[in-house]
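Here is how the chains run, residue by residue.
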Amino acid sequence: LATLTREWRVELGPGYGGPIVWGERVFVTETEAKTDEVVRALDRATGRELWRAKWNGALSVPFFAKKNGDWIRATPACDGESLFVAGIRDVLVCLDIETGAERWRVDFSAKLDTPVPSFGFVCSPLVIGEHIYVLAGGGFVKLNKRTGEVIWRTLIDGGGMESAFSSPVAATIHGKPQLVVQMREKLAGVAPETGEVLWSQVVPSFRGMNILTPTVFDDGIFTRSYQNKTFCYRVEKGDSALRVSEAWTAKAQGYMSSPVIIDRYAYLHLANGRACCIDLKTGNETWRTSPFGQYWSMVANRDRILALD
């Protein structure tokens, strides 16, 4: 069996986001002293700190989320020049990856006159070309990555009151480039250029807690919502537009961990701590493990899955 050997270790403050690697740098986020959000660039070979950026970012989250901490939520994104970091108070910050200097920031609550979301800014930014896409400001937003200018906002949820927890993905379905997003109450395909909603599907949800990133498989969308079943929706080409319908449901109840897909199978960590394998063609569950961890972060490498609990 393959083994892992630790090369170095750096202590971090609490945070939900994973590290990301670009070139010879590793970027990490954390919450410090329950008042500030910190971003650090580390040398990939040694773990040596190259720079750090810091700003006020405190937020007290409600309900059961409280026991998990009032920490910065989202994993950042990088384009080789800038690092895009989602701060918990619905703020998107752009940093120079060489120096950590701030290039711009957008406070969505102030700019769009929306409340700071109760559970914070959870969505990880998606960078495509010259633009960034995020679920923030009570909807789905496109920004200019050089300036932070808002290009459009669509799928405004709940009268613009609360942003969703999921993250968008880019896909081409039936030859149509689109962004697949899971909002608080619906799943949708959005045209990147215009923000036009190409199709949408209401997904059963509990208090709008749709956390997983939807996963595209051929012309299907694999997803689940909090305290509900697992769903596969099929996008079809109609006479004049795309339409969507439910292909199958499975009893498996995922939680916070987005799945990985290898070939025709999805691997999903469940609310009961178990992991399972689901055949995406049929919805049949092929196996399930004993419990391991409350949350997982997974990555696939060929026929192996590395899971951090």
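Just above, that's the structure.
All values derive from a computational prediction rather than experimental measurement.

J.: Honestly, the sheet that holds strand β11 (residues 139–144) in this entry has me stumped. Any pointers?
T.: Within a sheet, neighbouring strands are paired by backbone hydrogen bonds and run either parallel or antiparallel to one another. Strand order in the open sheet made by the four strands is β9-β10-β11-β12, with antiparallel pairing throughout. Looking along the sheet, the strands with just one partner apiece sit at the ends: β9 (126–128) and β12 (150–154). With direction set aside, neighbouring strand axes in the sheet form an average angle of 20 degrees.

J.: What exactly am I supposed to notice about the pattern of salt bridges here?
T.: Side chains carrying opposite charge are able to pair once their charged atoms draw close together. Per the stated rule, a full pass over the model turns up 18 salt bridges. With a shortest N-O distance of 2.8 Å, Glu11 and Arg9 are connected by a salt bridge. For the pair Glu11 and Arg9, one class covers both residues: exposed. Residues Arg52 and Glu32 are paired through a salt bridge, measuring 3.7 Å at the closest nitrogen-oxygen approach. Of the two residues, Arg52 sits in strand β4 (residues 49–56) while Glu32 sits in strand β2 (residues 25–32), which places them 20 residues apart along the sequence. Assessed through its relative accessible area of 42%, Arg52 is described here as partly exposed. Residues participating in the shared-partner salt-bridge network are Glu30, Glu32, Asp36, Arg40, Glu49, Arg52 and Lys54.

J.: When you look at the pairing of β4 in this model, what are you seeing that I'm missing?
T.: Remember that side chains alternate between the two faces of the sheet whenever the strand is regular. Examined bridge by bridge, strand β3 (residues 36–43) and β4 share seven bridges and lie antiparallel to one another. Its bridge partner being in β4, Asp36 is matched across the sheet by Asn56. In this structure, the hairpin formed by β3 and β4 is closed by a connection of five residues, where Gly47 is found at a positive phi of approximately 85 degrees.

J.: Would you mind going over the nonpolar core with me for this structure?
T.: Across soluble globular proteins, you tend to see nonpolar side chains buried next to one another. The biggest cluster of nonpolar side chains holds 27 residues, and the ones touching the most others in it are Leu92, Phe108, Phe121, Val134, Phe140 and Val181. Looking at this core, the elements that each hand over two or more residues are β6 (82–87), β7 (91–96), β8 (102–107), β10 (131–136), β11, β14 (176–182) and β15 (186–190). Among the elements that take part in this core, β10 stands out by supplying five residues, more than any other.

J.: Explain the pairing of β3 to me, please; I cannot follow it from the model alone.
T.: Burial analysis of β3 places eight of its eight residues in the buried class, the great majority of the element. A two-sided burial pattern is seen for β3, the buried positions comprising Asp36, Val38, Arg40 and Leu42 on one face and Glu37, Val39, Ala41 and Asp43 on the other. As paired elements, β2 and β3 share eight bridges and run antiparallel to each other. Bridging from a neighbouring strand, Glu30 pairs with Val38 of β3.

J.: What should I look at first to understand unusual backbone geometry in this one?
T.: Negative phi values dominate among residues other than glycine, just as trans dominates among peptide bonds. Even without a glycine there, the phi angle at Ala33 is positive, about 55 degrees. The residue Ala33 is located in the loop between β2 and β3 in this model. Assessed through its relative accessible area of 63%, Ala33 is described here as exposed. Its identity as a non-glycine residue notwithstanding, Asp90 has a phi of 60 degrees, on the positive side.

J.: Help me understand the environment of Leu242, please; the structure alone is not making it clear to me.
T.: Relative to the helices and strands, Leu242 is located in strand β20 (residues 242–250). C-alpha of Leu242 to C-alpha of Asp309: the two residues are 67 residues apart in sequence and 38 Å apart in space. Setting aside residues up to four positions removed in sequence, Leu242 forms contacts with Ile173, His174, Lys176, Gln178, Leu198, Trp199, Val235, Glu236 and Lys237.

J.: Hey, could you run me through a nonpolar patch on the surface in this one?
T.: Taken together, the side chains of Leu4, Val299 and Leu306 make up a nonpolar region of the molecular surface, amounting to roughly 320 Å² of accessible area. Counting through the fold element by element, Val299 comes out in strand β25 (residues 297–301).

J.: How should the packing of aromatic side chains be read in this particular structure?
T.: By convention here, two paired aromatic rings are described through the distance between centres and the angle between planes. Enumeration over the complete set of coordinates arrives at 12 aromatic pairs. A centroid spacing of 6.2 Å and a plane angle of 55 degrees characterise the contact between Phe222 and Trp248, whose relative ring orientation is tilted. Remark: Trp248 occurs in strand β20 and Phe222 occurs in strand β18 (residues 220–224); sequence separation between them is 26 residues. Grouping residues by exposure puts Phe222 and Trp248 together as buried. Ring plane angle 20 degrees and centroid distance 5.8 Å describe the contact between Phe231 and Tyr233, whose orientation is recorded as stacked. As far as burial versus exposure is concerned, Phe231 and Tyr233 are alike and both buried. Members of the aromatic cluster, each reached through a chain of ring pairs, are Tyr133, Phe140 and Trp152.

J.: Before we go on, may I ask you to explain the state of the cysteines in this structure?
T.: In protein chemistry, a disulfide is the covalent bond that joins the sulfur atoms of two cysteines. Across all of its chains, the model carries zero disulfides by this definition. Cys94 provides the cysteine sulfur closest to Cys123, a residue in no disulfide bond, and the two sulfurs are 16 Å apart. You can see Cys277 has no disulfide; the closest cysteine sulfur is in Cys276, sitting 7.4 Å from it.

About the criteria used
- Residues numbered from 1 in each chain as written.
- Predicted model: local features only at pLDDT ≥ 70, side-chain atom pairs only at ≥ 80, totals over all residues.
- Heavy atoms only, no water.
- Pairing = 2+ DSSP bridges.
- Helix = DSSP H or I, 4+ residues; strand = E, 2+ residues; numbered from the N terminus.
- Axes fitted to C-alpha atoms, helices over the stretch in contact; angles between N-to-C directions.
- Salt bridge = Lys/Arg side-chain N within 4 Å of Asp/Glu carboxyl O.
- Buried < 20%, exposed > 50% of the residue type's maximum accessible area, 1.4 Å probe, protein only.
- Core = buried A, V, L, I, M, F, W, Y, C linked by side-chain atoms within 4.5 Å.
- Contact = heavy atoms within 4.5 Å.
- Patch = residues over 30% accessible without salt bridge, like charges linked within 9 Å, V, L, I, M, F, W, Y side chains within 5 Å.
- Areas by Shrake-Rupley, 256 points an atom, 1.4 Å probe, with all protein chains shown as cover.
- Phe/Tyr/Trp six-rings, centres within 6.5 Å; stacked < 30°, edge-to-face > 60°.
- Disulfide = S-S within 2.5 Å.

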